[in-house]
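# Structural description and commentary
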Amino acid sequence: MRAAKGKIINMKLNTEQIRTITQGAEYVTETDEGRVSFHRFTVEQERLYEECGNADFFQKTFATAGVQLAFRTDSETIFLKVRTEKSTTRSFFSHDVLVNGERIGSLDNFSDCPLPQNYINASFPLGVFSKQFDLGAGEKEVRILFPFSVISEVEELSLSEGATIEPLKPKKRIVFFGDSITHGYDALHVENRYAAKVAAALHAEEFNKGIGGEFFYPPLAEAKGAFEPDYIVVAYGTNDWSQRSRERFMENCPKFYASLSSNYPNSKIFALTPIWRKDHLEHRDFGSIFDVERIIRRVAEKHENIICISGWDFVPKDEKYFSDLRLHPNDAGFVYYADNLIKAIKQSMNASF
């Protein structure tokens, strides 16, 4: 559809106009102060985390992982003003602005800072940030990808006076369940998160349910969403190995996949196993980390709409590809993760579905 068919707007978009161009949010609200707030979990899912007894997990549900504003426009500029606040253990953030699929700039809080390779413990400012971007002349597709790491609410989004705008809405949807790596830790630029790249490759709208530090949590899978996605990606296990008992894993992992398979019988479900971590040879009460993959694979084989994909070799086994030098991919590591996962998904769909 051409932008000429879009709606001519005043320079500043209101909440309803922003809602129409939002992707990756289960619902959108307006705060008492007039800011636009995005919710990547359903009300029921938020309530589950509120009542689970882990305040840290509940706070992380409000980070804007997977949220983006996507539209076609003939505007030559865009002005973005946001209010950010703490949600996860990471304080760095970026709002990546893409025009026709290429990043033209970012609204972030780290570009002016020298960053060590292990940047996760550095302190970055939060609060109100704003920036104007030059989009160039003519009709184009614009995407503003929101941070995984913080709460980000829109105070103002403005286009050139008299510009047209038309929402971009993919026909397919993909839901990601997982721990910190699925959540986005530790991509400096959010377009590099593996979930973002996989969703783009499959031409699907990303709904990100990742929670840093999370394990297999059966109630989350039992809480059926408002729609049946085309694809579901599940990536837990590394925290189960390092912090939970084998017995608890043996109970929760099958329950999680059984609920997903039952609730979404027409979805293509991909069960990812953990990627390499530097401390994988250290002793854990669970036993060998390689048992995690073996168990997940056996569980997946019991369901016709679930296929297991091994993630162990997705990222090169070199600390330079990890933000903390051991566990969480950095931007370069995520490129390998995403490229290998996209290839594996496409091969699996051709062979198994």
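Values in this document were obtained by computation on a predicted structure and should not be read as measured data. (Residues numbered from 1 in each chain as written. Predicted model: local features only at pLDDT ≥ 70, side-chain atom pairs only at ≥ 80, totals over all residues. Heavy atoms only, no water.)

### Notes on the pairing of strand β7 (residues 94-99)
Burial of β7 is extensive: 6 of the 6 residues sit out of reach of the surface. Side chains of β7 alternate between two faces, with Ser94, Asp96 and Leu98 and His95, Val97 and Val99 buried alike. Across 6 bridges, the pairing between β7 and strand β8 (residues 102-108) is antiparallel. Bridge assignment links valine 99 to a residue of β8, and that residue is glutamate 102. Counted along the chain from β7 to the antiparallel partner β8, the turn is 2 residues long, and its residue asparagine 100 has a positive phi close to 50 degrees. In the sheet, β7 pairs with strand β10 (residues 140-145) via 4 bridges, with the strands oriented antiparallel. Opposite valine 99, over in β10, you have valine 142 as the bridge partner. (Buried < 20%, exposed > 50% of the residue type's maximum accessible area, 1.4 Å probe, protein only. Helix = DSSP H or I, 4+ residues; strand = E, 2+ residues; numbered from the N terminus. Pairing = 2+ DSSP bridges.)

### Focus: the layout of surface pockets
As a volume, the largest pocket reaches approximately 570 Å³. In terms of lining, the largest pocket is formed by 23 residues, of which the most central are Gln68, Arg143, Ala196, Ala199 and Ala200. Sorting the residues of the lining of the largest pocket by element identifies β10, α5 (194-201) and β14 (204-208) as the ones contributing at least two each. No other element matches the 4 residues that α5 contributes to the lining of the largest pocket. (1 Å grid on protein atoms, 1.4 Å probe; cavity = no way out; pocket = protein on both sides within 12 Å on 5 of 7 lines; lining within 4 Å. Points joined across faces, edges and corners; volume = space filled by probe spheres on them.)

### Concerning the side chain of aspartate 291
As for its position among the elements, aspartate 291 is in helix α9 (residues 290-300). One polar contact links aspartate 291 to arginine 246, side chain to side chain, over a distance of 3.1 Å. Look past the residues within four positions of aspartate 291 in its chain and what remains in contact with it is Arg246 and Phe286. (Polar contact = N/O pair within 3.5 Å; in protein donor to acceptor, adjacent residues only side chain to side chain. Contact = heavy atoms within 4.5 Å.)

### Re the sheet that holds strand β17 (residues 306-309)
If you trace the 5 strands from one edge of the open sheet to the other, you get β14-β13-β15-β16-β17, paired in parallel fashion. Two strands bound the open sheet, and with one partner strand each, they are β14 and β17. Shown here is a sheet whose adjacent strand axes are inclined to one another by a mean of 20 degrees, direction ignored. Examined bridge by bridge, strand β15 (residues 231-235) and strand β16 (residues 268-272) share 4 bridges and lie parallel to one another. Residue valine 233 lies in a different strand from β16, and its bridge partner there is phenylalanine 270. Sheet strands touched by α5: β13 (172-178), β14, β15 and β16. Its angle to β13, the strand with the most contacts, is close to 155 degrees. (Axes fitted to C-alpha atoms, helices over the stretch in contact; angles between N-to-C directions.)

### Quick notes on the nonpolar core
Core analysis: the largest hydrophobic core is formed by 67 residues, its most contacted members being Tyr194, Val234 and Tyr337. At 8 residues, the largest contribution of residues to this core is made by helix α10 (residues 331-352). If sequence neighbours within four positions are ignored, valine 234 has contacts with Phe177, Phe216, Phe256, Tyr257, Leu260, Ile269, Phe270, Ala271 and Leu272. Counting 29 residues, the second largest nonpolar core, distinct from the first, contains Leu80, Leu107, Leu157 and Ala163. (Core = buried A, V, L, I, M, F, W, Y, C linked by side-chain atoms within 4.5 Å.)

### A short note on the environment of lysine 209
Looking at the element boundaries, lysine 209 is found in the loop between β14 and α6 (218-222). C-alpha of lysine 209 to C-alpha of phenylalanine 41: the two residues are 168 residues apart in sequence and 6.7 Å apart in space. In this view, lysine 209 contacts Glu26, Arg40, Phe41, Thr42, Gln45, Val175, Phe176, Phe177 and Gly178; residues no more than four positions away in its chain are not counted. Within the structure, the side chain of lysine 209 is placed 2.7 Å from the side chain of glutamate 26, a separation counted as a polar contact. Polar contacts involving the side chain of lysine 209 include one to the side chain of glutamine 45, which spans 3.1 Å.

### Focus: α9
Those residues of α9 not exposed but buried are Asp291, Val292, Ile295, Ile296, Val299 and Ala300. The arc that holds every buried residue of α9, seen down its axis, measures 170 degrees, which confines them to one face. In this structure, the buried residues of α9 make contact with α7 (238-243), α8 (246-263), β16 and β17. (Arc of directions from axis to C-beta.)

### Some details on the packing of α8 against α9
In contact at an axis separation of 10 Å, α8 and α9 are set at 35 degrees when each is read in the N-to-C sense. As α8 runs across α9, the sense of the crossing is right-handed. Facing Arg246, Phe249, Met250, Cys253, Pro254 and Tyr257 of α8, the residues of α9 in contact are Asp291, Val292, Ile295, Ile296 and Val299. (Left-handed = near helix turned anticlockwise from the far one by under 90°.)

### Focus: empty space enclosed by the protein
In this approach the atoms are scanned with a rolling probe the size of a water molecule, which exposes any empty space left behind. All chains considered together, the criterion is met by 3 cavities of 30 Å³ or more. Taken together, 13 residues make up the lining of the largest cavity; nearest its centre are Asp179, Ile181, Ala235, Pro274 and Ile275. Its residues placed into classes, the lining of the largest cavity shows 8 nonpolar, 4 polar and 1 charged. Its boundaries defined by the atoms lining it, the second largest cavity holds a volume of some 90 Å³. (Nonpolar A, V, L, I, M, F, W, Y, C, P; charged D, E, K, R; others polar.)

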